[in-house]
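One letter stands for each residue in the lines below.
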Amino acid sequence: GLRWSDIDINAGILTVRQTLGKGERGRPRFSVPKTPKSRRTLSLPTDIKLLLREQQKQQARERAAAKEAWQGGENDLVFTTELGTYIHPDNLKRPFKRICQQAGVKLISLHGLRHTYTSLARNQGLDAKVVSERLGHADVGFTLRTYQHIYVSQDKAAALSLSELVGRREGLQKAI
């Protein structure tokens, strides 16, 4: 449901104002995000800004090729079919599966990307509150309980000896 009017590439921000999900009888439906926290503004990293600029160019090429068949005017969507219509959420699964296979990574659900982002961001040391707000969650506890998963390397790093925990290695070693 992301629209070009929701993005300021130069300023590097994206505002979540609407979603595209399944409505009646499986038909896609635009709606307002569920909670006030879900409606949020996010800073964009440089690589995403570059990808969005490329998407603009690609969409302009598709619009020119489609000519009067282009149907994307009113929705202003960032990601569309070659004719400018919304991409049905179910139709994102096939290309996502292909991308995962080409990258040699385990196939997860599209929603699973939110879990992956959370775990990777926390593993990089990002503050839990910041991650939670970027995801649009009302409660940081929900983010930590539901979205963050622990890596084996994190568990191994937490296997500290008593002296490492206390911070008095020399004194404890002499006492032992």
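Reference entry: report on the structure contained in this document. (Residues numbered from 1 in each chain as written. Predicted model: local features only at pLDDT ≥ 70, side-chain atom pairs only at ≥ 80, totals over all residues. Heavy atoms only, no water.)

Turning our eyes to something else, we now look at the environment of A64. Examined against the element boundaries, A64 turns out to sit in helix 1 (residues 46-66). Given the relative accessible area of 52%, A64 is considered exposed. In sequence terms A64 and L83 are 19 residues apart; their C-alpha atoms lie 9.9 Å from each other. (Helix = DSSP H or I, 4+ residues; strand = E, 2+ residues; numbered from the N terminus. Buried < 20%, exposed > 50% of the residue type's maximum accessible area, 1.4 Å probe, protein only.)

A separate point is the sheet that holds strand 2 (residues 13-15). If you walk across this open sheet you meet the three strands as 1-2-5, and the pairing is antiparallel. Lying at the two open borders of the sheet, with one neighbouring strand each, are strand 1 (7-8) and strand 5 (41-43). (Pairing = 2+ DSSP bridges.)

Turning to helix 1, a few remarks are in order. The α-helix advances 3.6 residues per turn, and as a result positions three or four apart in sequence lie on the same side. For helix 1, built from 21 residues, the straight-helix expectation of 30 Å at 1.5 Å per residue is met to within 8% by its first-to-last C-alpha distance of 30 Å. Among the residues making up helix 1, those that are buried are L52, Q55, Q59, E62 and A66. When helix 1 is viewed along its axis, its buried side chains cluster within an angular range of 80 degrees and face the same direction. When the buried face of helix 1 is taken as reference, the exposed residues oriented beyond 90 degrees from it are T46, L50, A64 and A65. Turning to helix 1, the residues buried within the fold contact strand 1. Residue K67 follows helix 1 closely and has a positive phi angle near 50 degrees. (Expected span 1.5 Å × (residues − 1). Arc of directions from axis to C-beta. Contact = heavy atoms within 4.5 Å.)

Interhelical geometry of helix 4 (residues 128-135) versus helix 5 (residues 140-147) gives an angle of 90 degrees and a closest axis separation of 9 Å. If you check the angle between helix 4 and helix 5, you find them roughly perpendicular. Where helix 4 approaches helix 5, its residues A128, K129, V131, S132 and L135 are matched on the opposing element by V140, T143, L144 and Y147. A breakdown of the residues in the contact of helix 4 with helix 5 according to their chemical character gives six nonpolar, two polar and one charged. (Axes fitted to C-alpha atoms, helices over the stretch in contact; angles between N-to-C directions. Parallel < 35°, antiparallel > 145°, perpendicular 65-115°, else oblique. Nonpolar A, V, L, I, M, F, W, Y, C, P; charged D, E, K, R; others polar.)

With that out of the way, let us pick up the packing of aromatic side chains. Summed over the entire model, instances satisfying the criterion amount to two aromatic pairs. Taken together, a centroid distance of 6.4 Å and an interplanar angle of 90 degrees make the contact between F30 and Y86 edge-to-face. Of the two residues, F30 sits in strand 4 (residues 28-31) while Y86 sits in the loop between helix 1 and helix 2 (93-103), which places them 56 residues apart along the sequence. The partly exposed category is assigned to F30, whose relative accessible area is 29%. In this structure Y86 comes out as partly exposed when scored by relative accessible area, which is 32%. (Phe/Tyr/Trp six-rings, centres within 6.5 Å; stacked < 30°, edge-to-face > 60°.)

Note that strand 3 (residues 19-22) and strand 4 share four bridges and pair antiparallel. Note on strand 4: the bridge partner recorded for G21 is R29. Counting the residues between successive antiparallel strands, the hairpin from strand 3 to strand 4 contains five residues, one of them, R25, with a positive phi of roughly 55 degrees.

Together, L160, L162, L165 and V166 make up a nonpolar patch on the protein surface, roughly 390 Å² of accessible area in all. Considering the arrangement of structural elements, one finds L162 in helix 7 (residues 162-166). (Patch = residues over 30% accessible without salt bridge, like charges linked within 9 Å, V, L, I, M, F, W, Y side chains within 5 Å. Areas by Shrake-Rupley, 256 points an atom, 1.4 Å probe, with all protein chains shown as cover. Salt bridge = Lys/Arg side-chain N within 4 Å of Asp/Glu carboxyl O.)

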